[in-house]
Amino acid sequence: MLLRKITLAVTMALSANVAFASCGDITGKVSIVGNEFPAIQTVAKGAADCAGDAVTVTSNLTADHQKINLAGLQGDPAEYTTAIIANSSIIALMNDDVIRPLDDLIAAHGADIPKSNLITIDGKVMAVAFMANAQHLAYRKDVLAEIGVEPPTTYEELLAAAEMIREKGIMENPVGGAYKSGWNLAQEFVNMYIGHGGEFYKPGTAEVAINNAQGVATLEMMKALTGYMNPDFLTHDSNATNAEFEAGNTALMNMWGSRIGVLMDDEGAEEVVYSNIAVGGPMTVGGGTTPATTLWWDGWTVAKNTSDDNAKATFMAMKNGTSPGILNDDTMGEAVWMIEGYKPAPVNAGVFATIKAGAKPYPMLPYHGLLHTALGDNLADFLQGKESAEQALADTEAAYSTAAKEKGFLN
Amino acid sequence: MKHKTFLWFVLPSSLAMLLFIFFPIVSVLIQSVHVDTEQVIKEVKNCGPFGCETITAVDQEATQALKRDNPLGRFAGLSTYFDRRHLALDEVRAAWGNASGAGDFFSQLLNLPFYKAMSFTLAYTFIVTPLVIIFGFIIAVAVNGAAKWVRGPLIFFSLLPMLVTPLVGSLIIFWMVDARGVIGAALQYVAGDPNLSVKASTPLTWVMLMVYGVWHSAPFAFIVYYAGLQSVNKDTLESAMIDGASRWEQIRYVIIPHLLPLTTFIALMQLMDNFRVFEPIVSFSAEAHATSLSWAIYNDLGGETRQLSSAAATSVLTILGICILLLPVLVRTWRDFNHK
C-alpha cells in the first residue's frame, strides 16, 4: 500500500515535471481573467503548472468577467496578461485594441497548435480557441416514448409534441427555454432569426435590418413556444430553465451543451428524470436548412499592453493549459475540447451534431453587441402581448440606431 | 462657533466631498456631452474553427488615429439628452402629432425607454415613501406602548428587514412569490386561479416591488420615530390626559406635531433613495415589467459594448430629477429656518 502511494507520488512529480518542461524557458507574470465554469478552471489549473521561480501565475475566474476584462487590459502595463473570451466577447477587446496579434509567438513557439484553432481576423491571429459550445435540443426519452413521437428536428415538430404532452395531461408546460428579458432573450432571437435565414444588417454596413418577414416569423415562433412554457419565462435564465427540467416540469428545451453535464449527473433530480435525459441535434425552423442556433468557441488572448517577456510567458502557460496534457477522465466530459486526444462523451453529442449540421457561428461584428442589448430590452413587450411584432422590431431598430450613433458606428 | 473654527472643522469633509463627489459629477457631465469618435469600418476575412467568412471589423489604425486627435470623443452638445433613449424630443413630438387621443399618446410615450423607466420610478417613489412613513410611525408607537421587557426583542425584529442585505432579502421574497413558493401558492389558492403568476403579470410585479420597498425601508422610519418618541414632553402628554384627551387625540395633537421635523427628514431621505430604486429590479428579474433610471444606467454599462455617454446622460437626468423632487421639502426647510 505504502509502496503504491510512493510510486503514485513519484509519477505525479514526474508528470508535473513534464508539464513544467513544456512551458519552456520563461520569466515574468501570467495573470488570467475569465468566466467561471469547470472547463475554464481546468485550463487555468493547467496554466498554473507553469509557475516557477521566475514565473507567477494568478487567475481571476468570475461570471462577471466581461465587466472587468476590458478595464483590466486597458492599463499600461495591463493588470491581466490574458483574457479567456468567447466569439462575442472578443469584439469588445478588439474594438479597444487591447489584445496583441499572436503570429510571432506562434511562429516561434506554437507550431503544435492545430491550425483550425487559430482565430484569424484580417490575416492576424488574435486568439486561440480551445473548446466549442452551442445550444441544441435536450429532451426526456420517457415522455416522448409515452406520446410515441421521435425527438423533434424542427421547431414545428417540437410544438406538435408539446401540444400532445399537454393534451395527455403529462405536463402542463412541457417546453423550457432561457427567455429571461435581456441577454438570454436576445440570444434566442438571434438563434431563431438565423434559422429563418435572416440577415441582421444591410450588407457591408452597420445599418440594422431586422424589421422584415423573417423578423416577424421569428417573433411569432418565439411567442408560440412561450405558450407552452412556465408563465414566468421572462425571469428564467439558463440556470432556472435547467432547474425546471431537473424538477421534472419540462420535457423539451434548447439548452447549452456546456450545461448538459449538470443535467445528466445524479444530483439535483430524481432518477426518473436524470436517467431519461437525452440530447439531440439543433432544430431548424420554417422549412429552412440552417439550424436555428449559433456556434460558439472559447479561447484565450494575450494582452497588448504588457512586456514581451510577460507575453511569451502567458503564451506558453496558456498553451500548456490547453494542451493534451490537461485531458484525463475527470476533465474529458467538461467540454467539447478542441484538443488532440479528446474523446467525446455522450453529454457532448449535441454540440457535435450542431457543428455537423452546418450551424453558423454567432456574428462576430463590432456593433453586434449593441444590437444584442437592444433586442434584450425591446422584445419582452411583444411576448407579453403588449404590442405587435412589427412595433417590437421597430423599437429594437430605433434603440440600436441610437446606440450605434453614440458609439460612432453610424452617422 | 467662530467662523474660522467652523471653517477648519468642515474643511476635511468639504475636501473629501469635492474630490469624491463634485469632481466625479463634473466628469460625468463632460462625458454626457461627448460621444465616441467615428469608428472606421472595413471588410476583413475572419477564420476560426467553424470556417472562414468575410465580415466587417473596426479599422484599428484609422480609428486609433481619430481617437488620438480627440481623446474625449466628438462633442455632441445636448444631443445625447434629446435622443430616443433619453428625453426623445423628436419621438414625443411625433407621438403628439399622430396620436388619436390622450390614451394613445401615453401608450406611445410609455413605449420610449426613458418615460417607461420614469413611470415606474415615480410610481414607486410616491407610493413607497408615504407608506414607509405611515408604517414606520405605527410600528414606533406600537413598540413604544409595549411593556418594557418585550421592547428589546421587538426592536430587533422590527429592524431585521433593514439588516438583511437588499439583494438577499429580495431573493428570498422572489422565491416565496414563485408560482410554487409559499406566497405564490397561497395567492393562487385565495384567488382560485391555478395559473396566477406574480412574476408574469406587470401590475402584480409592481405591487411585489413596492411591498418589498416598504418592507425594506419601514424599519428606517421606525427607528427615527422611536428615537423621537423618547423626547416627547411628558408634562404636555400628562396635561392632555388630565384634560380628557383620548389616546388618538394625544397622538394627533401632541405626538404628531412633535415628530413633524423628523417626518421632513425621513421624507427627504426616502424620496432620494426610492428615486434611485435599483436592487429589487435586478434581484426580482423584473426588467420585463419595470425599469428605473438607475437600472437604465446599469443596463447601458453591462452590455458587451459599454455605452458610457448614454449612462452619463441618464445619471445627470437622475440628479436633476432628485433636485426637482426635493425642491418643495428644501424650500420649506429654508422658510422655517428664516422664520426662526
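This is a predicted model, so every value here is computed, not measured.

Details of the domain arrangement of chain A
All names here are of chain A.
Here is step 1: With domains assigned, chain A is organised as domain 1 (2–133 + 296–350) and domain 2 (134–294 + 356–406).
Here is step 2: Counting residues at the interface gives 16 residues for domain 1 and 19 residues for domain 2.
Here is step 3: Of all the secondary structure elements, the ones that give two or more residues to the side of domain 1 that touches domain 2 are α4 (90–95), β5 (124–140) and α14 (349–356).
Here is step 4: In terms of residue count, the dominant contributor to the side of domain 1 that touches domain 2 is α4 (3 residues).
Here is step 5: Tallied by class, the residues present in the side of domain 1 that touches domain 2 amount to 9 nonpolar, 7 polar and no charged.

Details of the interface of chain B and chain A
Here is step 1: Of the residues lining the interface, 41 residues belong to chain B; the matching set on chain A comes to 49 residues.
Here is step 2: If you list the elements that add at least two residues to the side of chain B that touches chain A, you get β2 (41–48), β3 (51–58), α2 (60–69), α14 (293–302) and α15 (308–339) of chain B.
Here is step 3: By residue class, the composition of the side of chain B that touches chain A is 12 nonpolar, 19 polar and 10 charged.
Here is step 4: Where strand β4 (residues 118–121) of chain A meets β2(B), 2 bridges bridge the pair, whose relative direction is antiparallel. Each bridged residue has a counterpart across the sheet, and for A:I121 the counterpart in β2(B) is B:N46.

Description of the nonpolar core
Here is step 1: Membership of the largest hydrophobic core comes to 129 residues, with the highest contact counts inside it found for A:A47, A:L93, A:A138, A:F189 and A:A317.
Here is step 2: When residues in this core are grouped by element, the largest group, 12 residues, is from β5(A).
Here is step 3: Non-local contacts of A:A317, meaning those with residues more than four positions away in its chain, are made with A:C23, A:V30, A:A47, A:C50 and A:V57.
Here is step 4: Core analysis: the second largest hydrophobic core is formed by 43 residues, B:A88, B:F137, B:M208 and B:A286 among them.

A closer look at the confidence of the model for chain A
Here is step 1: The predicted model of chain A averages 89 in pLDDT, with 95% of residues at 70 or higher.
Here is step 2: Under a pLDDT of 50 for its full length, residues 5–21 of chain A has, in the predicted model, 7 contacts with residues more than four places off or in other chains.

Rules behind the numbers
- Starting afresh in each chain, residues are numbered from 1 along the sequence in its written order.
- Going through the entries in the order they are written, you letter the chains from A and number the ligands from 1.
- With pLDDT at 70 or above as the cut-off, local features in this predicted model cover only qualifying residues; side-chain atom pairs require 80 or more to be listed or tallied, and sums for whole chains, interfaces and linings still use all residues.
- Each domain's limits were defined by an automated method or a database of domain assignments.
- Each residue is represented by a C-beta atom placed from its backbone, and any two residues with such atoms within 7 Å are regarded as in contact.
- Numbering of helices and strands starts at the N terminus; helices are DSSP runs of H or I of at least 4 residues and strands are runs of E of at least 2.
- Each residue receives one of three labels: charged for Asp, Glu, Lys and Arg, nonpolar for Ala, Val, Leu, Ile, Met, Phe, Trp, Tyr, Cys and Pro, and polar for the others, Gly being one of them.
- Two strands make a pair as long as DSSP finds a minimum of two bridges between them.
- Core membership is restricted to buried Ala, Val, Leu, Ile, Met, Phe, Trp, Tyr and Cys residues, and these are joined into a nonpolar core through C-beta atoms within 7 Å.
- Whether a residue is buried, exposed or partly exposed follows from its count of other C-beta atoms within 10 Å of its own C-beta, namely 20 or more, 12 or fewer, or something in between, respectively; the C-beta atoms are built from the backbone.
- Known as pLDDT, the predictor's per-residue confidence is scaled from 0 to 100.

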